[in-house]
Amino acid sequence: QVQLVESGGGLVQPGGSLRLACAASGTIVAIYSMGWYQQGPGKQRELVASITSGGATNYADSVKGRFTISRNNAKNTVYLQMNSLKPEDTAVYYCYAFIHRVGSSGRYDYWGQGTQVTVSS
């Protein structure tokens, strides 16, 4: 099947940086768009950033200029570089990917398990 495994979360002080990574593995034919959502305490899950297979990116207004999404298609991996972190960035971050896997008729969304990012002094 297909798995998305995230890494890179943790505790950081305000103004600091973290880099998240999410690697897809399994019987994959193709990966289309990938991205990251965040879910803060008591909040709904919200889109942070997305990137197409061709490299076109989209960001939430709250992270523009601070976060950068990128991907390595050869490694089936998407990254989120987070700079100038603020306490309000504290959340569980989930990666997702639209994947066409072997044996399926189309593309479906797959999700990582989530990684905690805490911004606090």
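Residues numbered from 1 in each chain as written. Predicted model: local features only at pLDDT ≥ 70, side-chain atom pairs only at ≥ 80, totals over all residues. Heavy atoms only, no water.

Summarising the element assignment, Arg 71 is placed in strand 7 (residues 67-72). Despite being buried, Arg 71 has no salt bridge partner; Asp 109 is the closest side chain of opposite charge, sitting 15 Å away. At 2.7 Å, the side chain of Arg 71 and the side chain of Asn 73 are in polar contact. Setting aside chain neighbours within four positions, we find Arg 71 in contact with Ile 31, Tyr 32, Ser 33, Met 34, Ile 51, Thr 52, Ser 53, Thr 77, Val 78 and Tyr 79. (Helix = DSSP H or I, 4+ residues; strand = E, 2+ residues; numbered from the N terminus. Buried < 20%, exposed > 50% of the residue type's maximum accessible area, 1.4 Å probe, protein only. Lys, Arg positive; Asp, Glu negative; His and termini not counted. Salt bridge = Lys/Arg side-chain N within 4 Å of Asp/Glu carboxyl O. Polar contact = N/O pair within 3.5 Å; in protein donor to acceptor, adjacent residues only side chain to side chain. Contact = heavy atoms within 4.5 Å.)

With antiparallel pairing, the four strands of this open sheet are ordered in space as 1-3-8-7. Two strands bound the open sheet, and with one partner strand each, they are strand 1 (2-7) and strand 7. Across the sheet, the mean angle separating the axes of adjacent strands is 15 degrees when strand polarity is ignored. As judged from the six bridges shared by strand 1 and strand 3 (residues 18-26), these two strands associate in the antiparallel manner. (Pairing = 2+ DSSP bridges. Axes fitted to C-alpha atoms, helices over the stretch in contact; angles between N-to-C directions.)

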